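Descriptive structure summary
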Amino acid sequence: MPAKSETRRRLSRDDRFRQLVETAWRMLGQEGADALSLGRLAERAGVTKPLVYDHFGTREGLLAALFRDFDRRQAETMNAALAASADTLEAKAEVLADAYVECVARQGREIPGILAALAGSPEMNAIIREHERVFTAKCRRLFAPFAGDREPGAAALWAMLGSADALSRAAAAGDLSADEARAELYRTIVQMVRRTWAADDS
């Protein structure tokens, strides 16, 4: 029977990182962010503490890696659905609302727990700012063809992001149903883009 160290060597660095991230997600779902530490992750994953520290450095680094993983999967889900949708404002708004709410709801309490644990962290602030920049740029490109001669304004794009975050978290917390959150986010997006049309016509 191979020793644990031999078992570990069979995974590449990327595969080991993936294993650690998946194990950390399971721990978060079962115990919450407060219970997650690099030492406990090493124990649950069956690896040494130095290996986990080599991948993440600190607990904050682990939590930041989990948020990046969530953000990547959210973007992949959204991009695939948008590519397959009809080229209309209503279809794009529906896909965006569905994908955003679904991704946040799927992680349940984990994402709020990560954000709370990293509140005030310079690294997390930078990650969130990048997430916001990418999302608002995506919405600008996505809805510009439906906004007449004007692109959706910066205020409207930030309002879309704020609505998406707030409604998705409310659904994840059980304050709204997922259907209610998706429907309200859909209406918000469509109204904001149509308001740009109205401003262009006035």
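Owing to the predicted nature of the structure, the values given are computational and were not obtained by experimental measurement.

Turning to the overall build of the chain, a few remarks are in order. If you tally the helices and strands in the chain, you get 10 helices and 0 strands. In sequence order, the secondary structure elements of the chain are arranged as α-α-α-α-α-α-α-α-α-α. Along the three orthogonal principal directions, the C-alpha set of the chain runs to about 75 × 30 × 30 Å. Within the chain, contacts between residues at least 6 apart in sequence are counted, and of these 70% link residues at least 24 apart. With the model as given, the accessible surface of the chain reaches about 10,500 Å², and the carbon-plus-sulfur share is 51%. Side chains of the chain give 29 positive and 30 negative charges; the mean places of these two sets differ by 6 Å.

Right, let's get into the pattern of salt bridges. On inspection of all chains with the given rule, the structure shows 15 salt bridges. Salt-bridge contacts for E31 lead to R44; the nearest nitrogen and oxygen are separated by 3.0 Å. Of the two residues, E31 is situated in helix 2 (residues 13–31) and R44 in helix 3 (residues 38–45); the sequence distance between them amounts to 13 residues. For R44, a relative accessible area of 37% corresponds to the partly exposed category. Close ionic contact of R129 with E132 constitutes a salt bridge, the shortest N to O distance being 3.4 Å. In this pair, R129 and E132 are both assigned in helix 8 (residues 122–143), 3 residues apart and thus about one turn of the helix distant. Taken together, the salt bridges that share partners define one network made up of R18, E22, D69, R72, R73 and E76.

Bringing the packing of helix 6 (residues 89–107) against helix 9 (residues 154–173) into the picture now. One way to put it is that helix 6 packs onto helix 9 with a least axis distance of 8 Å and a crossing angle of 40°. Accordingly, the angle class assigned to the pair helix 6 and helix 9 is oblique. Like other packed secondary-structure pairs, helix 6 and helix 9 cross with a definite hand, here right-handed. Touching Y100, V101, V104 and A105 of helix 6 are L161, A164, D165, S168, R169, A171 and A172, all from helix 9. When grouped by side-chain class, the residues that make up the contact of helix 6 with helix 9 number 8 nonpolar, 1 polar and 2 charged.

Grouped together as the largest cluster of nonpolar side chains are 59 residues, with contacts concentrated most on F56, L66, I114 and F143. No other element matches the 10 residues that helix 6 contributes to this core. Apart from residues no more than four positions distant in its own chain, I114 is found in contact with W25, L28, A33, L63, L66 and F67.

This brings us to the environment of D149. Residue placement: D149 occurs in the loop between helix 8 and helix 9. For D149, a relative accessible area of 76% puts it in the exposed group. Separated by 47 residues in the primary sequence, D149 and T196 have C-alpha atoms spaced 9.4 Å apart.

Turning our attention to the environment of A137. Its place among the elements puts A137 in helix 8. Residue class for A137 comes out partly exposed when judged on its relative accessible area of 24%. For the pair formed by A137 and A35, sequence separation is 102 residues and the distance between their alpha carbons is 36 Å.

With their axes 8 Å apart at the nearest point, helix 3 and helix 4 (residues 49–56) run at an angle of 120° to one another. It follows from the interaxial angle that helix 3 and helix 4 lie oblique. Note that helix 3 runs across helix 4; the crossing there is right-handed. Of the residues in helix 4, those in contact with L38, G39, L41 and A42 of helix 3 are K49, V52, Y53 and F56. Partitioning the contact of helix 3 with helix 4 into residue classes produces 6 nonpolar, 1 polar and 1 charged.

Here is what the cut-offs are and how they apply
Residues numbered from 1 in each chain as written. Predicted model: local features only at pLDDT ≥ 70, side-chain atom pairs only at ≥ 80, totals over all residues. Heavy atoms only, no water. Helix = DSSP H or I, 4+ residues; strand = E, 2+ residues; numbered from the N terminus. Contact = heavy atoms within 4.5 Å. Areas by Shrake-Rupley, 256 points an atom, 1.4 Å probe, with all protein chains shown as cover. Lys, Arg positive; Asp, Glu negative; His and termini not counted. Charge placed at Lys NZ, Arg CZ, Asp CG, Glu CD. Salt bridge = Lys/Arg side-chain N within 4 Å of Asp/Glu carboxyl O. Buried < 20%, exposed > 50% of the residue type's maximum accessible area, 1.4 Å probe, protein only. Axes fitted to C-alpha atoms, helices over the stretch in contact; angles between N-to-C directions. Parallel < 35°, antiparallel > 145°, perpendicular 65-115°, else oblique. Left-handed = near helix turned anticlockwise from the far one by under 90°. Nonpolar A, V, L, I, M, F, W, Y, C, P; charged D, E, K, R; others polar. Core = buried A, V, L, I, M, F, W, Y, C linked by side-chain atoms within 4.5 Å.

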